[in-house]
Every structure is written in structure tokens, then in C-alpha cells.
Amino acid sequence: MKDTEIIAAIRKGATERPIKFLYKEFPKVKSTIVSHGGDAEIAKEIFHDSLILLIEKVSDPSFILTAKLSTFLFGINRFLWLNESRRRNKSIEIEWKDTLILTDADLSFNNEKEEELKLLETVLGQIGERCRQLFELFYFKKQEMKTIAQTLNFSSVDSAKTQKYKCMEKAIGLAKEIKISSTNYELK
Amino acid sequence: MRNELKIMDEIESYLSNELSETERSSFENRMLDDADLAEKVNHQKALTQAIKRAALRSQINTVAAGGGGGFSFTQIFLGSIGVVGIIGAVIYFVNQNKQEEIVSTSTIEKNVEPTTVVQLSKNNERNFQLTNEIPETIFSSIHQFEDIQDNLDIDPVDFPVNSHHGSTINGSSHTVNQSSDYDACDESYSGTNKDRKAMFPGGSSSLKRFIDKNLYYPKSASDKNIECLVQCDFHVTEDGLITEIEATCLKIAEEGGEQFNDIKLIRNKKLVNAFINNSTHVLRTMPIWIPARNKQGNPVLSYQRLYFNFDLENGCLVYQLEEDLN
């Protein structure tokens, strides 16, 4: 797949083939992270995060590719690994040659925001299968509410909408609860 | 409830940029006045993003686990055409009583035919050698290498060839084909900086010689005028062993023709495999590499990518890209 094809596919929402294609870069990233003090587990985590960031970035219509997509992906990995090693209080300045040097601003990356999104992702795992399916079909696959109501056996479009609202309230409420309890824990 | 649903819909159309310019600005003004609404928008925005991420993550995990999300109907259809094609090919081969050319150990399991003769080397059964018959069309890679020699290897320095070399590693799946041509360089090499890249023993000229000697153009492909570009990724471990070889066929086409489509690709699976096997054969039979070193001078795992371009006019060309070296 060419870079332009990948970008077009991601913008259309067909992310599966681009992911498969980009995943071929993983061995390279893995060996670089492993030889810079990381392990295979963290390399995988970082690579997955970088794929998500790349897809989010590319989905933005105003995004313009200035380097090869694989170079960009590599740059994101470098950025994330630096971020991770800073968090571990290890100041390893890594030399990843021939790659883009990206900053927080380039990626509109914000640690607090990332934390919150991580939290919300865990919350999504706790709100029940039906809610999760509903959310995924509506927000990710971008299906019509009518089709979703049929696939998930809701009596009407309105009841599906109500259910979605309730799920959303539940998720946001749960996230708030976890946040409060974790800050309390830190204060103690 | 009605009212809340309405607000949710409004927020959704705001977030997905479906509002017109005037509606948008009026909504933003409302957000300024109504802190409650602004908070709801933020929550909903973050939640939407998290939902997309979770979905993407599960897709990525499927890919990581090696699954492709199951077979689609078209794939099954194309697959069955491929099967018919392969059966046809087998019958054809039996009738012709034709000898296969270079077949590596990994390809012979599935298409065992009485006519296919693969001779393993006598002195070392693990050390796979080419078939008894050298293909008619051997493309030398020699004159191509002279032009790109600098790109071929990682380290431009040619190390002095030493007369002794390291012992063969036992018990590993890696076959080591040691000969005096590919001796390890002097271990006591000390530069100003201790970190260096992984290197084929003897440097680039040695790698060139090794490839010249071991890489062949698959005869079945050259008979059909088919060209291919194979990308090989592999790791060089701390011990200098080559592991995790992963080969992908980036491009396969008839000479001067278009890239094969899916159906043609499945029908020519055997050729693709021949190209991939000939490429990986070279890697699998390589002697022990000199591992990369970090700044402290300790050997570390490193990653390499080689491209094998099988070109009918120019023969086999192996190269590395500058951007892959890091």
C-alpha cells in the first residue's frame, strides 16, 4: 500500500488494512526500544499507542504528511518512548537516527489528556457488553441509529437513543467516581 | 428525558462538525454561558475519542495476534480458485515429468511429488544446499554490487581478515556455513566510539561475495519472465545469530507489466514462495554476524532490513536503504 492509499483508507474509516500494513514496522521499533533499555512488553504497548495516535492524526483533514508515513510513525514511537522513560525518571536521550523529531505540540499530545483517555478506556470495559457494542457501532463504525436498533434488537430508534444516553451517563459517572477515589487515595 | 436526548444530539452534531457556521457560533455562545453544557461537551468529546481508541485497539490486537479477522467470502472464493490452479499445476508437473529447480526445505512439505528431487548436502544434513541441478539461468549479482557497494552494508570499514574464526554454534536452528572466506574480524577492534552497527563478518565486500555465491534467480520465475521485490526483516542477536526472519513480497510482476492482482497472486503463490525462499535461504545460511554494540561496548540486539530485487535484465540486486539503518 502506498502512503496516499493508507491515508485515504484511514479517512474513510477502513482502518484494518492500514493497521496490518503498518504493523510490519513493529520489529524495527521493537529492537530499537529493546536496545534502549525497554522490554518487549513496553515496546508493544508503545507501538500500539503510536498506531492509535497516527490514525487519529491522519484522520484530521488538515493533516499534511511531510515525510514518509513509516518515518512519521517511527517519530511518534521515539516521542512516546522518550515520554515513557521520562516518566520512569530515566533520562536516556536516545539516538534514533533518520527519524523525525516530534514535540508535544506537533502531536497535540498532552499527558493529562492521555491519562483521562486511558481511564475512559478502562471504564468502557466495565459498562457492559451492550453499551460497548452500541457505542462502537455508532461512534466507530458510524452506522445509522436505525440499523443499530435493528442489529441490537431495540424496540425502536428512540429506545436505542435513550439506552445510548444512559450508557453515556453511566460511563461518565463511573469515570468521575474512579477519578475522585484515586485523588483521595493520593491525598491520604 | 426528551430534552436530554435533544442536547445529546446537538452535542454530537457539534462535535462531528455537522452544524452550519451560524448554528456553530450560537452553540459556542451557549457553551460560554452555560458551564454545565460546556462540561457535557467535554465529557462527550473525550468519551467519543476513548470509544474510537478502544475499537482501534481491539483491531490492532487482532492484527498483533496474527489473525486477520476471519476470511471474507471473496477470500474463500479466490482461495478455492487458487486450489484448483494448484491442482492443475501439480497435474501439469507430473505429466511433464519436469524437475524442480531450487526448492528450499520449507517448501517441499506440501507439494511432494515423485519428480521433485531435493538433495541435502551430505556432510551436514541441517545445512541445506541447493538442488543437484544448477539452474540454467543464473544471474550474477556481481556488476550490480559495484555500483551500490556503499549502501550494501552497514559499516563502510573493511576489517582485516583473520585466519581463525569462531566455532559453529550447536543446538541452534541456525545453520552456520563457516568458511575461511567469511572470517570474523578481530574482536579487539577499538574505535574512538564503542557503539557500532551489526556487521557481516569481513565487511561489505565479504557480504557481497557471500550473496553472489548463494543467491539465485528462481528458474521457474525466470522461465515465465516474472520479476519480484522481496523485503526481508531480521534481527541480529547479541550472539550474532540471525533470527526472526520475516520476508514479504513487496512487488511481483511480469517483466515490464503491472503488479499482480489478488487472483494472479494466489495462482502464483509458488513463485512468490520461490522468491522468498531464495532470499531467506541466503540469510539462513549466513555465518555468525558481528553484533551491534552500544556505547558501553556491550553487544545488543539489532534490526536489519534487506531488499532483494530480482530483475530479469540486471539479475539479483540486494540493497539496504539509508533510512533503514539506525
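Asker: Please set out the overall build of chain A residue by residue, giving values where relevant.
Answerer: Secondary structure assignment for chain A yields nine helices and zero strands. What you see in chain A, going N to C, is helices and strands ordered as α-α-α-α-α-α-α-α-α. Burial analysis of chain A (188 residues in total) assigns 45% to the buried set. Summarising the internal contacts of chain A: among those between residues at least 6 apart in sequence, 60% fall at separations of at least 24.

Asker: Explain the state of the cysteines to me, using residue names and the numbers behind them.
Answerer: Tallying each qualifying case throughout the model produces one disulfide over all chains. A sulfur-sulfur separation of 2.0 Å characterises the disulfide bridge that pairs Cys-131 of chain A with Cys-167 of chain A. Given an S-S torsion of about -75°, the disulfide between Cys-131 of chain A and Cys-167 of chain A has left-handed geometry. With Cys-131 of chain A in helix H7 (residues 129-140) and Cys-167 of chain A in helix H9 (residues 157-187), the pair connects residues that are 36 residues apart, well separated along the chain. With respect to class, Cys-131 of chain A is no different from Cys-167 of chain A; both count as buried. As a non-bridged cysteine, Cys-228 of chain B has Cys-249 of chain B as the owner of its nearest cysteine sulfur, 3.4 Å distant.

Asker: Could you give an account of unusual backbone geometry, naming the residues involved and the relevant values?
Answerer: All names here are of chain B. Here Asn-225, not a glycine, exhibits a phi torsion of approximately 60°, which is positive. Here Asn-225 shows up in the loop between helix H7 (219-223) and strand S1 (226-236). For Glu-244, which is not glycine, the phi dihedral falls at a positive 50°. For Glu-244, the position within the fold is in strand S2 (residues 242-254).

Asker: I'd like a rundown of helix H1 (residues 2-15) of chain B, residues and numbers included.
Answerer: All names here are of chain B. The terminal C-alpha atoms of H1, which comprises 14 residues, lie 20 Å apart, in line with the 20 Å expected from a rise of 1.5 Å per residue. Every buried residue of H1 is listed here: Leu-5, Met-8, Ile-11, Glu-12, Ser-13 and Tyr-14. Directly after H1, the chain includes Asn-17, whose backbone phi takes a positive value near 60°.

Asker: I'd love a proper account of the nonpolar core, names of residues and values included.
Answerer: Core analysis: the largest hydrophobic core is formed by 36 residues, its most contacted members being Leu-51, Leu-54 and Ile-76 of chain A. Counting residues per element, the ones that place at least two in this core are helix H1 (3-12), helix H2 (16-22), helix H3 (26-34), helix H4 (40-59) and helix H5 (69-87) of chain A together with helix H3 (35-64) of chain B. With ten residues, the top contributor of residues to this core is H4 of chain A. Non-local contacts of Leu-51 of chain A, meaning those with residues more than four positions away in its chain, are made with Ile-19, Leu-22, Tyr-23 and Leu-73 of chain A together with Ile-60 of chain B. Core analysis: the next-biggest nonpolar cluster, separate from the first, contains 33 residues, Phe-200, Ala-221, Ile-226 and Val-318 of chain B among them.

Asker: Kindly report on the pattern of salt bridges, identifying the contributing residues and their values.
Answerer: Taken as a whole and assessed by the stated rule, the structure comprises 17 salt bridges over all chains. The partner of Lys-118 of chain A in a salt bridge is Asp-49 of chain A, and the shortest N-O contact between them spans 3.5 Å. A residue pair is termed long-range when its members are at least 10 positions apart, and Lys-118 of chain A in helix H6 (residues 111-124) and Asp-49 of chain A in helix H4 qualify at 69 residues. Of the residues examined, Lys-118 of chain A reaches a relative accessible area of 42% and is grouped as partly exposed. For Asp-49 of chain A, a relative accessible area of 16% corresponds to the buried category. When the shortest N-O distance is used, the salt bridge between Glu-10 of chain B and Arg-30 of chain B registers 3.3 Å. Separated by 20 residues along the polypeptide, Glu-10 of chain B in helix H1 and Arg-30 of chain B in helix H2 (residues 21-33) bring together distant segments of the chain. Assessed through its relative accessible area of 26%, Glu-10 of chain B is described here as partly exposed. Of the residues examined, Arg-30 of chain B reaches a relative accessible area of 38% and is grouped as partly exposed.

Asker: Go over the packing of H1 of chain A against H4 of chain A with me, naming the residues and quoting the values.
Answerer: Residue and element names in this part refer to chain A. At a minimum axis separation of 9 Å, H1 and H4 run at an interaxial angle of 85°. Of the possible angle classes, the one that applies to H1 and H4 is roughly perpendicular. Residues Ile-7, Ile-10 and Arg-11 of H1 pack against Ile-55, Val-58 and Ser-59 of H4.

Asker: Which residues make up the confidence of the model for chain B, and what values do they have?
Answerer: Residues and elements named next belong to chain B. Per-chain confidence: chain B averages 68 in pLDDT, with 63% of residues scoring 70 or above. Here helix H5 (residues 142-152) stands out as the least confident element of chain B, with mean pLDDT 35; S1 is the most confident, with 88. Considering only residues more than four positions removed or in separate chains, one finds that residues 68-72, a stretch of pLDDT under 50, has six contacts. pLDDT under 50 marks residues 98-191. Its contacts with residues more than four places away, or in other chains, come to 174 contacts. In the predicted assembly, ipTM is 0.83 and pTM is 0.53.

Asker: I'd love a proper account of the interface of chain B and chain A, names of residues and values included.
Answerer: Contacts between the two partners involve 45 residues from chain B and, on the opposite side, 49 residues from chain A. Contact between chain B and chain A buries roughly 4600 Å² in total, counting both sides, with carbon and sulfur atoms accounting for 62%. For the chain B face of the interface with chain A, the top three residues by lost area are Leu-47, Arg-53 and Ile-60 of chain B, together amounting to 14%. In this assembly, chain B and chain A are joined by eight salt bridges. With its nearest N and O atoms 2.6 Å apart, the salt bridge here joins Glu-56 of chain A to Arg-53 of chain B. The set of elements that each furnish at least two residues to the side of chain B that touches chain A consists of H1, H3, S1, S2 and strand S5 (302-311) of chain B. It is H3 of chain B that contributes the most residues to the side of chain B that touches chain A, 20 residues altogether. Considering only residue class, the side of chain B that touches chain A consists of 17 nonpolar, twelve polar and 16 charged.

Asker: Break down the packing of H2 of chain B against H3 of chain B for me, citing the residues and quoting the values.
Answerer: All names here are of chain B. Look at H2 against H3: their axes get within 5 Å of each other, and the N-to-C directions meet at 115°. With respect to their mutual orientation, H2 and H3 come out roughly perpendicular. Each of Phe-27, Arg-30, Met-31 and Asp-33 in H2 lies in contact with H3, whose residues at this interface are Ala-35, Leu-37, Ala-38 and Val-41.

Rules of the game
Residues numbered from 1 in each chain as written. Chains lettered and ligands numbered in written order. Predicted model: local features only at pLDDT ≥ 70, side-chain atom pairs only at ≥ 80, totals over all residues. Heavy atoms only, no water. Helix = DSSP H or I, 4+ residues; strand = E, 2+ residues; numbered from the N terminus. Buried < 20%, exposed > 50% of the residue type's maximum accessible area, 1.4 Å probe, protein only. Contact = heavy atoms within 4.5 Å. Disulfide = S-S within 2.5 Å. Expected span 1.5 Å × (residues − 1). Core = buried A, V, L, I, M, F, W, Y, C linked by side-chain atoms within 4.5 Å. Salt bridge = Lys/Arg side-chain N within 4 Å of Asp/Glu carboxyl O. Axes fitted to C-alpha atoms, helices over the stretch in contact; angles between N-to-C directions. Parallel < 35°, antiparallel > 145°, perpendicular 65-115°, else oblique. pLDDT = per-residue confidence, 0-100. Buried area = accessible area lost by both parts, 1.4 Å probe. Nonpolar A, V, L, I, M, F, W, Y, C, P; charged D, E, K, R; others polar.

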